[in-house]
Amino acid sequence: MKRLVLAAALAGFATTAAAADLKICVEGAYPPFSETTASGDIVGFDIDIANALCASMGKSCEMVKTEWDGIIPALIEGKCDAIVASMSITEDRMKVIDFTNKYYQTPAKFISKADAGLVDTPEGLKGKVVGVQRGTIHQDFMEGEFPDVELKLYGTQDEAYLDLQAGRIDAVIADSVAMDDGFLKTENGKGYAFFGKDYSIPKYHGEGAGIGVRKSDGDLKAALNAAIDAIRASGEYKTINDKYFDFDLYGA
Amino acid sequence: MNFEIILEAWPLFAKGVWITLHLTVLALSLGFVIALPAALSLHHKGRFHRVWGAYVYVFRGTPLLVQTYLIYYGLSQFDWVRSSFLWGAPGFLDGTWLGAVWPSLKSAWWCALIAFSLNSGAYQAEILRGGLAVVPEGELEGAKSLGLNPSQVTRLVLLPSALRRALPQYGNEIVFMLHGSVVASVITIQDILGAGRTLNARHYVAYEGFLTSAALYMAITFAVVWVFRLVERRYLRHLNIRTAKPKGAGAPGIAGIGGVAWR
């Protein structure tokens, strides 16, 4: 009996080890781009795009759920071959990894309680506490443009929403689309609203979200770029886009 | 390994060390305050021993991470918690020192301290109870025969004896609490691990932040272990097996009176 269990366990390893052509790092805590369902599946815009790109390249892919603040090291160490996690293409990140062309581009924005009356200037946010996800462009942006505002760093975007609802923080800054669909339009987001400008400063916010690859993987980068163009041309991108959003996510 | 970015981030780590030590020492102290009545009640089957038993059972039975999450993210979901004194000091305390140090569930720091203290209290209660259970009956009979009343027996004989016997396990609990305090970093507190994670996230690296954190925890652990070795050497002297015979064999000593020979 014991031996049978052991054999079954080893078989279990074997099936997961019978690896896909590509392993894709995804996050699973950034709705509607990437979220984990009650049954543990990861779904969302990023996931659909990743699958479409894999299909277009004729490769089998496996999604690897990875914590956001460890996702670049995971790529570098070979735990996965590409990052499809709404990661903005920034100069800082380009120092350690390479990116494909963008696959979408949306601005960053603040949210707060609808009646909070906050203004997005250093004076307007003085004495307020703003939550951001650790290791994001939004952290860099806040540290660069609002150095005197108290920042709270969260492991995931969802935790920042929880603390905003709890009243521990006054505002959250993140991608506008992610917050609109992931929070404002949900039951929990009632009574909360955007305030301030749309932010899209290349120095912080980069040139849109791209797919991260290792610097040594030039071939994969080229293949992914071709695949992005292919799904854009075939209309598949639009189908996925329309499944989640009622506007064009790709940007200008 | 890029040592430059580690050196650059040392103020972050210095602050982290302070927060970790501060939090751990306070949690262990508050834990002891909880554990003392709990252990005595459990040992003597006191009136509330079932309540204490349930407390120890729950807090030893669930992970510290879950307890911290429940207190930090869980309790804050309830409107009645957020509109009560649990969330912040009552208005009339504004501007007073009590208002400034009020244990508010709004603050991540207090949530961590409460979770850690309750957790450590449960473990310390078990450690103390174990210490109480192995105090030899003879010591207590001796104390009684000297005319000590029950509270004196507890205060002067039972507790000191039990605490000494619990010392080695206490050293363990301190190290466990120190390592357990990393949980603080998941509720936005910038402790040692929080500093390491921030370093990692800022430079997109995996080793520099974690290894620096690990080295700091290790240094603190060794300091604790070293201090405990000294403390144990002092307070557990009487448990050492004698190697030398008492001076002047045949002189009237305890051994002589009782007729029990030292071996």
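Since this is a predicted model, take the numbers as computed values, not measurements. (Residues numbered from 1 in each chain as written. Chains lettered and ligands numbered in written order. Predicted model: local features only at pLDDT ≥ 70, side-chain atom pairs only at ≥ 80, totals over all residues. Heavy atoms only, no water.)

**Here we look at the overall build of chain B**
Logical step 1: Looking only at helices and strands, chain B features 12 helices and zero strands.
Logical step 2: Counted from the first residue to the last, chain B has its helices and strands arranged as α-α-α-α-α-α-α-α-α-α-α-α.
Logical step 3: In terms of C-alpha radius of gyration, chain B reaches 24 Å, well past the compact-globule figure of 18 Å for 263 residues.
Logical step 4: With respect to the principal axes defined by its C-alpha atoms, chain B has extents near 75 × 50 × 35 Å.
Logical step 5: Burial analysis of chain B (263 residues in total) assigns 40% to the buried set.
Logical step 6: Accessible surface, chain B: about 15,400 Å² in total, of which carbon and sulfur atoms supply 68%.
Logical step 7: Computed over 22 positive and 12 negative side-chain charges, the separation of the two mean positions in chain B equals 13 Å. (Helix = DSSP H or I, 4+ residues; strand = E, 2+ residues; numbered from the N terminus. Rg over C-alpha atoms; globule rule 2.2 N^0.38 Å. Buried < 20%, exposed > 50% of the residue type's maximum accessible area, 1.4 Å probe, protein only. Areas by Shrake-Rupley, 256 points an atom, 1.4 Å probe, with all protein chains shown as cover. Lys, Arg positive; Asp, Glu negative; His and termini not counted. Charge placed at Lys NZ, Arg CZ, Asp CG, Glu CD.)

**Remarks on the packing of helix α10 (residues 192-203) of chain B against helix α11 (residues 207-235) of chain B**
Residues and elements named next belong to chain B.
Logical step 1: Closest axis-to-axis distance for the α10/α11 pair is 7 Å, and the angle between their directions is 160 degrees. If you check the angle between α10 and α11, you find them roughly antiparallel. You can see that α10 and α11 cross each other, and the crossing is right-handed. Only Y207, E208, G209, F210, S213, L216, Y217 and I220 of α11 make contact with α10, whose side of the interface consists of I192, L193, G196, R197, L199 and N200.
Logical step 2: Within the contact of α10 with α11, the residues separate by chemical class into eight nonpolar, four polar and two charged. (Axes fitted to C-alpha atoms, helices over the stretch in contact; angles between N-to-C directions. Parallel < 35°, antiparallel > 145°, perpendicular 65-115°, else oblique. Left-handed = near helix turned anticlockwise from the far one by under 90°. Contact = heavy atoms within 4.5 Å. Nonpolar A, V, L, I, M, F, W, Y, C, P; charged D, E, K, R; others polar.)

**Examining the side chain of T212 of chain B**
Residues and elements named next belong to chain B.
Logical step 1: Among the secondary structure elements, T212 is positioned in helix α11.
Logical step 2: T212 gets classed as buried once you look at its relative accessible area, which sits at 14%.
Logical step 3: Here E208 takes part through its backbone oxygen, which lies 2.6 Å from a polar atom of the side chain of T212.
Logical step 4: Here T212 is in contact with I6, F13 and Y207, once residues within four sequence places are set aside. (Polar contact = N/O pair within 3.5 Å; in protein donor to acceptor, adjacent residues only side chain to side chain.)

**Quick look at the UniProt feature "transmembrane region" (unreviewed entry) in chain B**
Logical step 1: Here the UniProt feature "transmembrane region" (unreviewed entry) sits at residues 17-42, 54-75, 95-118, 174-193 and 205-228 of chain B.
Logical step 2: The straight-line gap between the two end C-alpha atoms of residues 95-118 of chain B is 29 Å; of that span, 62% is helix and 0% is strand. (UniProt positions renumbered as here; feature names shortened; annotations may be inferred.)

**Points about the UniProt feature "domain: Solute-binding protein family 3/N-terminal" (unreviewed entry) in chain A**
Logical step 1: Following the UniProt record, the feature "domain: Solute-binding protein family 3/N-terminal" (unreviewed entry) maps to residues 21-248 of chain A here.
Logical step 2: Overall, residues 21-248 of chain A shows 36% helix and 29% strand. The separation of its end C-alpha atoms is 31 Å.

**Considering the sheet that holds strand β5 (residues 61-65) of chain A**
Residues and elements named next belong to chain A.
Logical step 1: Ordered in space as β5-β1-β6-β13-β7, the five strands form an open sheet in which the pairing is mixed. With partners counted over all chains shown, the strands left at the sheet margins are β5 and β7 (98-104), one partner each. Across this sheet, the average inter-strand angle for adjacent strands is 30 degrees, counted without regard to direction.
Logical step 2: Pairing of β7 with strand β13 (residues 209-213), which is carried by four bridges, proceeds in the antiparallel orientation. Its bridge partner being in β13, Y104 is matched across the sheet by A209. (Pairing = 2+ DSSP bridges.)

**A look at the pairing of strand β10 (residues 150-154) of chain A**
Residue and element names in this part refer to chain A.
Logical step 1: Here strand β9 (residues 129-133) runs beside β10; their pairing, made up of five bridges, is parallel. Bridging from a neighbouring strand, G131 pairs with K152 of β10.
Logical step 2: Once the chain exits β9 it traverses helix α5 (residues 137-145) before rejoining the sheet at β10, and the crossover so formed is right-handed. (Right-handed = clockwise from strand over helix to strand, strands pointing away.)

**Let's talk about the environment of A215 of chain B**
All names here are of chain B.
Logical step 1: Mapped onto the elements of the fold, A215 is located in helix α11.
Logical step 2: A215 sits in the partly exposed class, given a relative accessible area of 45%.
Logical step 3: Placed 195 residues apart in sequence, A215 and T20 show a C-alpha to C-alpha distance of 14 Å.

**Regarding the state of the cysteines**
All names here are of chain A.
Logical step 1: Counted according to the given criterion, the structure contains two disulfides over all chains.
Logical step 2: C25 shares a disulfide with C80; S-S distance 2.1 Å. Residues C25 and C80 are joined by a disulfide whose S-S torsion is about -100 degrees; by sign, that bridge is left-handed. Of the two residues, C25 is situated in strand β1 (residues 22-26) and C80 in the loop between α3 (71-76) and β6 (82-88); the sequence distance between them amounts to 55 residues. (Disulfide = S-S within 2.5 Å.)

**A word on the sheet that holds strand β11 (residues 171-175) of chain A**
All names here are of chain A.
Logical step 1: One open sheet accounts for five strands, arranged β10-β9-β11-β8-β12; its pairing is mixed. Looking along the sheet, the strands with just one partner apiece sit at the ends: β10 and β12 (192-199). Across the sheet, the axes of successive neighbouring strands diverge by a mean angle of 30 degrees, strand direction being ignored.
Logical step 2: Sheet topology places strand β8 (residues 108-113) next to β12; five bridges connect them, and they run antiparallel. Residue pairing across strands places S112 opposite A193, the latter belonging to β12.

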